Amino acid sequence: MRILLKLFVESQNLGKAINALSEGGISGFYLKEYQGMSPEDWRGFLISEEPEMAVKIVNELSQDTVVINSIVNIECLGKIKEQIKERLENDKYTLVELPVLGIVVNSPE
């Protein structure tokens, strides 16, 4: 079985995260930059429902974040998780594992 592994890290920890994944045995990855907020970041207040104001507030309060995505064999998952825990033990991260039901790759030359 294959798993879509999604590792969310703050941008400054991108190198450590990719190294951990590589040492764990991934064969490739793709990433997406975004701005993220933890529940602790907005606890105690409500964001304006006016779209422009909400975007402004989120931009001011959020952190530059990256999600690294990789398809891995379930047999490699334990080693990958060990590497992530070791490399990022002092850093904030979120790891999500999703089962992959199928993969279609189209590579025209």
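Keep in mind that this is a model prediction, so the values were computed, not measured.

Novice: Now, about the overall build of the protein: what can you tell me, with residues and values included?
Specialist: Looking only at helices and strands, the protein has 4 helices and 4 strands in total. What you see in the protein, going N to C, is helices and strands ordered as β-α-β-α-α-β-α-β. On the principal axes, the C-alpha backbone points of the protein span a range of 45 × 40 × 25 Å. Burial statistics for the protein: of 109 residues in total, 28% are counted as buried. Long-range pairs, those at least 24 residues apart, make up 85% of the contacts in the protein with a sequence separation of at least 6. Element-wise, carbon and sulfur atoms account for 52% of the exposed surface of the protein, whose accessible area totals about 7,600 Å². Averaging the locations of the 11 positively and 17 negatively charged side chains of the protein gives two centres separated by 5 Å.

Novice: An account of a nonpolar patch on the surface is requested, with residue identities and associated values reported.
Specialist: On the surface, I71, I103 and V105 cluster together into a nonpolar patch covering about 270 Å² of accessible area. Of note, I103 is situated in the segment after strand 4 (93–100).

What counts, and where the lines are drawn
Residues numbered from 1 in each chain as written. Predicted model: local features only at pLDDT ≥ 70, side-chain atom pairs only at ≥ 80, totals over all residues. Heavy atoms only, no water. Helix = DSSP H or I, 4+ residues; strand = E, 2+ residues; numbered from the N terminus. Buried < 20%, exposed > 50% of the residue type's maximum accessible area, 1.4 Å probe, protein only. Contact = heavy atoms within 4.5 Å. Areas by Shrake-Rupley, 256 points an atom, 1.4 Å probe, with all protein chains shown as cover. Lys, Arg positive; Asp, Glu negative; His and termini not counted. Charge placed at Lys NZ, Arg CZ, Asp CG, Glu CD. Patch = residues over 30% accessible without salt bridge, like charges linked within 9 Å, V, L, I, M, F, W, Y side chains within 5 Å. Salt bridge = Lys/Arg side-chain N within 4 Å of Asp/Glu carboxyl O.

Honestly, it's all geometry; don't read function into it.
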